[in-house]
Amino acid sequence: MRKVLLAVLIAAWSGAACAEVVVGISVSATGPGASLGTHIAKVVPLLPKTVAGEAVRYVMLDDASDPTVGARNARKLISDDKVDVIIGSSTVPVAIAQSSVANEVKVPIITICPIPLDPAKLPYTFAVPQPIPLMVDALLDHMHAHKVKKLGYIGFADAWGDMNYNYAKSGGATRGITVTTNERYTRNDTSVNSQALKVVTSQPDAIFVGASGSPAAIAQIAAVERGYRHQIYHTHGVVNLDFIRVAGKSAEGVIAPTGPVVVAEQLPADHPLKATGMDFIKRYEGAYGAGSRNAFAAYAWDAGLIIQAAIPVALKTGKPGTPEFRQALRNAIESNKEVKGTHAVYNMSATDHYGVDKRARVLVQVEHGEWKLLNE
């Protein structure tokens, strides 16, 4: 009788112990994407351990900026760790591979980079970074206002580089801006001198670098070293101090789009994201020091906020660790409205798994080694 009672108690305790929400996180902590991934990893200790009365456990793996490793990580998180949701990589090729796995087994995933995203084909994939058209539009508007007619392009030889080039070309055409070059390099390259020379030789009115993280700095340095003195624009994938540190004085004057959190103190008092941005900065810089804030840590924080908003809704349908809960979590992420993050106010829908609008972007410029709000 005692053995039976003990077995029942152990089973009950084990069941209770398993009743926790498990969040898998894949970061590019090593490899060429490390300048982004390390910031995301630092957010994990700051995320809440309890949401809506349920324990939340986080399992983090390094994808080494490698799509094959990233896909393997996603499968491990799902099969071994029984995660309910995944916060995916900040490296585009890795996140694309992980998204495929997550949709195959019906586990929601929120990527920390803007990937090609069709909700009809990828119903379990969401993204927190602003989509490329929204951000490149801000750059193209600035170029148009400053009479740019010829735009030189150099970017990554991957999906990130393709998406930025394609939209710069199509969006530029509607504004009378012609893209004069399409030079590419890999994230592991240590020199882009020949590509930069071709761009500079085309004598563009401005240059757009379609890269991200510290690898974007080598294109910046190469263009400046070859005598280019007009405006150089970058993507929202460079807005951290690592880019400025690597690019050095050549970064001065660079313009890029980013989320409002990067310059939260400089926002008007009535800006809808000022309060959430300041709260994040207080927490993050409280843990890692003044000036440590960056856009990529804030993306991870926003993914956490979206999950936190979805958990109470999903709990009405199923228990953590079950297919019903994962499905309900997906549905809640898609249907929740006006979820305030640091980068955006998120309004996902069945046709939009980014769910952001123009409130999610500002232009910033490097001034004296710091990112400053551009008020032009």
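Up top is the structure these notes are about.
Now for a description of the structure that goes with this document. Since we're looking at a predicted model, the values are computed, not measured.

### Topic: empty space enclosed by the protein
Okay, so step 1: For the coordinates displayed, the defined rule picks out 4 cavities of 30 Å³ or more.
Okay, so step 2: Taken as a whole, the largest cavity encloses approximately 130 Å³ of empty space.
Okay, so step 3: Its residues assigned to classes, the lining of the largest cavity shows 9 nonpolar, 4 polar and 1 charged.
Okay, so step 4: By volume, the second largest cavity is sized at about 50 Å³.
Okay, so step 5: The wall of the second largest cavity is formed by Val-23, Leu-47, Val-51, Val-56, Tyr-58, Ile-87, Gly-304, Ile-307, Gln-308 and Ile-311.
Okay, so step 6: With 4 residues, the single largest contributor to the lining of the second largest cavity is helix H11 (residues 295-314).
Okay, so step 7: Looking at the lining of the second largest cavity, its residues break down into 8 nonpolar, 2 polar and no charged.

### Thoughts on the sheet that holds strand E6 (residues 125-127)
Okay, so step 1: Spatially, the 6 strands line up as an open sheet ordered E2-E3-E1-E4-E5-E6, and their pairing is mixed. Of all the strands in the sheet, the pair left with one neighbour each is strand E2 (50-51) and E6.
Okay, so step 2: As paired strands, strand E1 (residues 20-27) and strand E3 (residues 54-62) are joined by 8 bridges and run parallel to one another. In the sheet register, Glu-20 faces E3, and the bridge partner there is Ala-55.
Okay, so step 3: Along the sheet face, helix H3 (residues 67-79) touches E1, E3 and strand E4 (85-87) and points at about 150° away from the line of E3.

### A word on the side chain of Asp-81
Okay, so step 1: Positionally, Asp-81 belongs in the loop between H3 and E4.
Okay, so step 2: The class of Asp-81 is buried, set by a relative accessible area of 17%.
Okay, so step 3: Leaving out residues up to four positions away in the same chain, Asp-81 has contacts with Val-22, Arg-57, Val-59 and Lys-76.

### As for the nonpolar core
Okay, so step 1: In terms of nonpolar packing, the biggest core is built from 108 residues, with Val-23, Tyr-185, Ile-207, Phe-243 and Trp-371 touching the most fellow members.
Okay, so step 2: When residues of this core are assigned to their parent elements, the largest contribution, 13 residues, is made by H11.
Okay, so step 3: Those residues within four positions of Tyr-185 in sequence are excluded, and the remaining contacts are Ile-154, Gly-155, Phe-156, Ala-157, Val-192, Gln-195, Val-209, Ala-211, Pro-215, Ala-216, Ile-218 and Ala-219.
Okay, so step 4: Ala-74, Val-101, Ala-102 and Val-107 belong to the second largest nonpolar core, which has 14 residues in total.

The rules we used
- Residues numbered from 1 in each chain as written.
- Predicted model: local features only at pLDDT ≥ 70, side-chain atom pairs only at ≥ 80, totals over all residues.
- Heavy atoms only, no water.
- 1 Å grid on protein atoms, 1.4 Å probe; cavity = no way out; pocket = protein on both sides within 12 Å on 5 of 7 lines; lining within 4 Å.
- Points joined across faces, edges and corners; volume = space filled by probe spheres on them.
- Nonpolar A, V, L, I, M, F, W, Y, C, P; charged D, E, K, R; others polar.
- Helix = DSSP H or I, 4+ residues; strand = E, 2+ residues; numbered from the N terminus.
- Pairing = 2+ DSSP bridges.
- Contact = heavy atoms within 4.5 Å.
- Axes fitted to C-alpha atoms, helices over the stretch in contact; angles between N-to-C directions.
- Buried < 20%, exposed > 50% of the residue type's maximum accessible area, 1.4 Å probe, protein only.
- Core = buried A, V, L, I, M, F, W, Y, C linked by side-chain atoms within 4.5 Å.

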